[in-house]
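# Chains, contacts and geometry: an overview
Each chain, letter by letter, is given below.
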Amino acid sequence: GNVVVLTGGVGGAKLVLGLIHALPADGVTAIVNTGDDFTHLGLRVSPDIDTLLYTLSGKADQAQGWGRAGETWSFMAAMASLGGPDWFRLGDGDLALHVWRTMRMAAGEPLSAITADVARAWGIGARVLPMSDDPVATMLESDAGTLAFQDYFVARRCAPVVSAIRFEGAAAARPAVGVLEAIGDPATRAILIAPSNPFLSVDPLLAVPGIREALSHASAPVVAVSPLVGGTAVKGPTAKLMAELALPIDTTAIARHYAGVIDGLLVDERDPPGDPGIAHARADTLMHDLPDRIRVAQAALALADSLR
Ligand code: FO1
Ligand code: CA
């Protein structure tokens, strides 16, 4: 059966890459966060979708975690010389994707159709679906005021202390065509939640009406891969946010966060063996290279298969 993955950017792209090597590529559906999406310099930017597209087509700058390998920066240099904004860096090759998407969205095409076309053009076998074709914007309440996601994440490097996170537009957003169908398909073997940031990357997906309900009613087991490794996050502000939201930084807090959604949690072997209160398995969940990614994908699938 097919495997469905709910994912944000980097961590999720690594797991999806592992899955397409562990399974036939066309058996994998990635449902991707679009809460990071915004309009910059008049262009629609979809960071997590693009990280998936670049990673699955072998174009990603893996060290940087976003954008394309071998990128050139003529556009940004010219923009800076004009006194234009250069805090959010759009490479020349990346720019083509944003121009193409913006032009087609302005002509009325949904993000999901444009994403599917790019995936086809680049020979990607997996299905890449945005969580919604309707705009959803992650907003943070912080000691620096209300911040749009990229202002918090890139411009301020996650320094502000966050008190609340909300997803503007989510209540009115509809899941993209194919999202609820993939989750609810009785032939789906497993539904995985990638080790992406639960608060910034996965919660936007769960905030789209219908997705949380579809997950809790799905016949396929739902397994999350914990984003914690040895009591902290591999990358990004997950642990810092947990502290600011007054949560203990442990796998039990991750399990509680996903209560009602997941049937199992894949925990890193370095984390203390406290009982997260849900079915779990332990594995080395660090994903440096392709064999690591395949190993984590297989461990998550094995846990899911044991819960059928
Ligand atoms: N992240 C940065 O830290 N600095 C950037 O200049 C930057 C540019 C950028 C351009 C296109 C794109 O798709 C992503 C980009 N990102 C950048 C990453 C983006 O902020 C992501 O939302 C985060 O990595 C969180 O997933
Ligand atoms: Ca269920």
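Described in the following lines is the structure provided in the data block. This structure is a prediction, so every number in the text was calculated from the model and none was measured. (Residues numbered from 1 in each chain as written. Chains lettered and ligands numbered in written order. Predicted model: local features only at pLDDT ≥ 70, side-chain atom pairs only at ≥ 80, totals over all residues. Heavy atoms only, no water.)

This part is about the pairing of strand β1 (residues 2-7). By the criterion of burial, β1 is predominantly enclosed, with five of the six residues buried. As judged from the five bridges shared by β1 and strand β9 (residues 188-193), these two strands associate in the parallel manner. In the sheet register, V4 faces β9, and the bridge partner there is I191. (Buried < 20%, exposed > 50% of the residue type's maximum accessible area, 1.4 Å probe, protein only. Helix = DSSP H or I, 4+ residues; strand = E, 2+ residues; numbered from the N terminus. Pairing = 2+ DSSP bridges.)

The immediate surroundings of ligand 1 are formed by 13 residues, with D36, F88, R89, Q150 and V154 found nearest. In this structure, D48 approaches ligand 1 through a side-chain N or O atom, which is 3.2 Å from an oxygen atom. With respect to ligand 1, the backbone of R89 contributes an N or O atom lying 2.9 Å from an oxygen atom. Relative to its unbound accessible area of 520 Å², ligand 1 is 87% covered by the protein chains. (Near = heavy atom within 4 Å. Polar contact = N/O pair within 3.5 Å; in protein donor to acceptor, adjacent residues only side chain to side chain. Areas by Shrake-Rupley, 256 points an atom, 1.4 Å probe, with all protein chains shown as cover.)

With that settled, the discussion passes to the layout of surface pockets. Its boundaries defined by the atoms lining it, the largest pocket holds a volume of some 1,200 Å³. Surrounding the largest pocket, 47 residues form its lining, V10, G65, W66, F153 and K235 being those nearest its centre. Every element with two or more residues in the lining of the largest pocket is listed here: α1 (10-22), α2 (47-56), α4 (92-106), α6 (149-155) and α8 (198-207). Lining the second largest pocket are 16 residues, with A116, A119, A126, R127 and V128 sitting closest to its centre. Where the lining of the second largest pocket is concerned, the elements lending two or more residues are β2 (28-32), α5 (111-121) and β5 (127-130). With six residues, the single largest contributor to the lining of the second largest pocket is α5. Across the lining of the second largest pocket, the residue classes break down as nine nonpolar, four polar and three charged. (1 Å grid on protein atoms, 1.4 Å probe; cavity = no way out; pocket = protein on both sides within 12 Å on 5 of 7 lines; lining within 4 Å. Points joined across faces, edges and corners; volume = space filled by probe spheres on them. Nonpolar A, V, L, I, M, F, W, Y, C, P; charged D, E, K, R; others polar.)

On to the nonpolar core, then. Counting 46 residues, the largest nonpolar core has I183, I191, I193, L215 and I262 as its most contacted members. Of the residues forming this core, the biggest block, five residues, is contributed by α8. Not counting residues up to four positions away in its chain, the partners in contact with I193 are L6, V202, V222, V223, A224, V225, Y258, V261 and I262. Core analysis: the next-biggest nonpolar cluster, separate from the first, contains 40 residues, L111, A119, A194 and A283 among them. (Core = buried A, V, L, I, M, F, W, Y, C linked by side-chain atoms within 4.5 Å. Contact = heavy atoms within 4.5 Å.)

Attention now goes to the environment of G230. In this structure, G230 sits in the loop between β11 (228-229) and β12 (232-233). Separated by 43 residues in sequence, G230 and P273 place their C-alpha atoms 11 Å apart. Not counting the four nearest positions on each side in its chain, G230 is found in contact with D268, R270 and D271.

This next bit is on the sheet that holds strand β10 (residues 222-225). Judged by pairing direction, the sheet is parallel, and its seven strands sit side by side in the order β5-β2-β1-β9-β10-β13-β14 without closing on themselves. Since the sheet does not close on itself, it has two edges, and those belong to β5 and β14 (279-283), each with one partner. Between one strand and the next, the sheet's axes are offset by a mean angle of 20 degrees, whatever the strand orientation. As judged from the four bridges shared by β2 and β5, these two strands associate in the parallel manner. When the bridges of β5 are listed, V32 appears paired with P130. (Axes fitted to C-alpha atoms, helices over the stretch in contact; angles between N-to-C directions.)

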